[in-house]
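Structure at a glance
Chain by chain, the residues run as shown.
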Amino acid sequence: MATRTYSIGMRRFEITLTNPPTSSPMSWTIECVREVGGSGDNLLMHGVDQVLASAEEMAFARACDCIDKWLQFNRRSL
């Protein structure tokens, strides 16, 4: 398990990545994403639960991409 932080503008997100014991040692998924300094609740983002990567760095990059898309969508709907 690994926790990494992604910052964009004034917002920060904590991303928890996991390598489930039942999967191959090269399979990383995203366990949760939450905004630091926000409500602290886990955020529901389209696609983040479907991320499967062969390396921690790849899973983190895909999570950041999901966050970027989520922010763009939510700006338009505000």
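Residues numbered from 1 in each chain as written. Predicted model: local features only at pLDDT ≥ 70, side-chain atom pairs only at ≥ 80, totals over all residues. Heavy atoms only, no water.

What follows covers the packing of aromatic side chains. All told, the structure shown has one aromatic pair when counted by the stated rule. Relative to W70, the ring of F13 lies with its centre 6.4 Å away and its plane at 85°, an arrangement referred to as edge-to-face. Highlighted residues: F13 in strand β2 (residues 11-18) and W70 in helix α1 (residues 56-77), separated in sequence by 57 residues. Sitting over the ring of F60, R4 keeps its end group 4.1 Å from the ring centre. (Phe/Tyr/Trp six-rings, centres within 6.5 Å; stacked < 30°, edge-to-face > 60°. Helix = DSSP H or I, 4+ residues; strand = E, 2+ residues; numbered from the N terminus. Lys NZ or Arg CZ within 6 Å of the ring centre and 35° of its normal.)

Next up on the list: the pattern of salt bridges. Under the criterion given, the structure shown has four salt bridges. With a closest N to O distance of 2.7 Å, R11 and E35 form a salt bridge. You can see R11 sitting in strand β2 and its partner E35 sitting in strand β3 (residues 29-36), a full 24 residues away along the chain. A salt bridge links K69 to D65; the shortest N-O distance between them is 3.2 Å. Taken together, the residues span about one helical turn, with K69 and D65 both in helix α1 at a distance of four residues. The class for K69 is exposed, based on a relative accessible area of 52%. (Salt bridge = Lys/Arg side-chain N within 4 Å of Asp/Glu carboxyl O. Buried < 20%, exposed > 50% of the residue type's maximum accessible area, 1.4 Å probe, protein only.)

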